[in-house]
Amino acid sequence: MEQQRSKQRTGRPYADRRAERGQSLVFIALVLAFLTPFIFTVIEFSERQMEVAQMEDALQQSIRSAVQSFDYAHLARNGQRIDQQRALQTARETFVQNLSTVSGLAERPEALAERVTWRVLPEGGTCSFSDGQAQTFDRPAMCAEVRPVMTGFGLLGYAPYRPLITAAATLDALEQ
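Residues numbered from 1 in each chain as written. Predicted model: local features only at pLDDT ≥ 70, side-chain atom pairs only at ≥ 80, totals over all residues. Heavy atoms only, no water.

A word on the overall build of the protein
Line of reasoning, step 1. Scanning the protein from terminus to terminus reveals five helices and five strands.
Line of reasoning, step 2. In the protein, the succession of α and β elements from N to C terminus is α-α-α-α-α-β-β-β-β-β.
Line of reasoning, step 3. Within the protein, the proportion of its 176 residues that are buried is 31%.
Line of reasoning, step 4. Of the contacts made within the protein by residues no fewer than 6 positions apart, 65% connect residues no fewer than 24 positions apart.
Line of reasoning, step 5. When the accessible surface of the protein is summed, it comes to about 11700 Å², and 52% of that surface belongs to carbon and sulfur atoms. (Helix = DSSP H or I, 4+ residues; strand = E, 2+ residues; numbered from the N terminus. Buried < 20%, exposed > 50% of the residue type's maximum accessible area, 1.4 Å probe, protein only. Contact = heavy atoms within 4.5 Å. Areas by Shrake-Rupley, 256 points an atom, 1.4 Å probe, with all protein chains shown as cover.)

Okay, here's the thing in structure tokens:
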């Protein structure tokens, strides 16, 4: 029966050629050898982007909470100012609490909160950040910046990195 099949195939151009076993396995192995590092790099890059976004959100939310610390004596005189001591305390406490949701942090939240540069502008002004950017506010504001030590996902063994995280917020305007 096998002889009859081979006789039927003789009219085809590749009739005598047999498929070599394992050819697709070699191809798959070569593709995976190049595709795997690419996939790991994409995962690492995405993880780092997510970690930085989480850190930015934690700092921004702590600034938003802290900037609403009114100086009530000044408010009673129809003025608007931030109570610096309460704002700094609220910012630190809220930041430490927000860091519990940040992944990839290589240091204790309390230690990182101590390294944050907090700036309270009780009546407005300009915040200058270490990357050269500046923001000017016409009403009370608060700014912060920090360089946390982040680890990344670590699939490819990249070293820890230190992104610059900045945040700023203004006191809500009083309607008079």
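So, the pattern of salt bridges
Line of reasoning, step 1. Applying the stated rule across the entire model yields four salt bridges.
Line of reasoning, step 2. E44 is paired through a salt bridge with R48; the nearest N and O atoms lie 3.1 Å apart. In this pair, E44 and R48 are both assigned in helix α2 (residues 23-66), four residues apart and thus about one turn of the helix distant. Of the two residues, E44 and R48, both sit in the buried class.
Line of reasoning, step 3. Salt-bridge contacts for E110 lead to R108; the nearest nitrogen and oxygen are separated by 3.8 Å.
Line of reasoning, step 4. Given a relative accessible area of 41%, E110 falls into the partly exposed group. (Salt bridge = Lys/Arg side-chain N within 4 Å of Asp/Glu carboxyl O.)

Focus: the sheet that holds strand β5 (residues 165-170)
Line of reasoning, step 1. Strand order in the open sheet formed by three strands is β1-β4-β5, and the pairing between neighbours is antiparallel. The sheet is open, and its two borders are formed by β1 (117-121) and β5, each paired with just one other strand. Each adjacent strand pair in this sheet contributes to an overall mean axis angle of 10°, direction not counted.
Line of reasoning, step 2. When β1 meets strand β4 (residues 141-146), the two strands line up antiparallel, connected through five bridges. Bridging across to β4, W118 finds its partner in A144.
Line of reasoning, step 3. Running at roughly 30° to β5, α2 makes contact with β1, β4 and β5 of the sheet.
Line of reasoning, step 4. Across the sheet, helix α4 (residues 84-98) lies against β1 and β4, angled at about 145° from β1, the strand it touches most. (Pairing = 2+ DSSP bridges. Axes fitted to C-alpha atoms, helices over the stretch in contact; angles between N-to-C directions.)

Concerning the side chain of E145
Line of reasoning, step 1. Its place among the elements puts E145 in strand β4.
Line of reasoning, step 2. A relative accessible area of 9% means that E145 is categorised as buried.

Structural notes on the packing of α2 against α4
Line of reasoning, step 1. Where α2 contacts α4, the two axes come as close as 8 Å, and the packing angle between them is 150°. Taken together, the axes of α2 and α4 lie roughly antiparallel to each other. The handedness of the crossing between α2 and α4 comes out as right-handed. Mapping the contact onto sequence places M55, A58, L59, Q61, S62, S65 and A66 in α2 and A87, T90, A91, T94, F95 and N98 in α4. (Parallel < 35°, antiparallel > 145°, perpendicular 65-115°, else oblique. Left-handed = near helix turned anticlockwise from the far one by under 90°.)

Some words on the packing of aromatic side chains
Line of reasoning, step 1. This structure, assessed with the given rule, holds one aromatic pair.
Line of reasoning, step 2. Seen in terms of ring centroids, F95 and W118 are 6.1 Å apart; in terms of plane orientation they differ by 85°. Their pairing is edge-to-face. Of this pair, F95 sits in helix α4 while W118 sits in strand β1, and the two are 23 residues apart along the sequence.
Line of reasoning, step 3. Using a relative accessible area of 12% as the deciding quantity, one classes W118 as buried. (Phe/Tyr/Trp six-rings, centres within 6.5 Å; stacked < 30°, edge-to-face > 60°.)

Some thoughts on the nonpolar core
Line of reasoning, step 1. Grouped together as the largest cluster of nonpolar side chains are 28 residues, with contacts concentrated most on M55, L59, F95, W118 and M142.
Line of reasoning, step 2. With six residues, the single largest contributor to this core is α2.
Line of reasoning, step 3. Core analysis: the next-biggest nonpolar cluster, separate from the first, contains seven residues, L121, F129, F137 and C143 among them. (Core = buried A, V, L, I, M, F, W, Y, C linked by side-chain atoms within 4.5 Å.)

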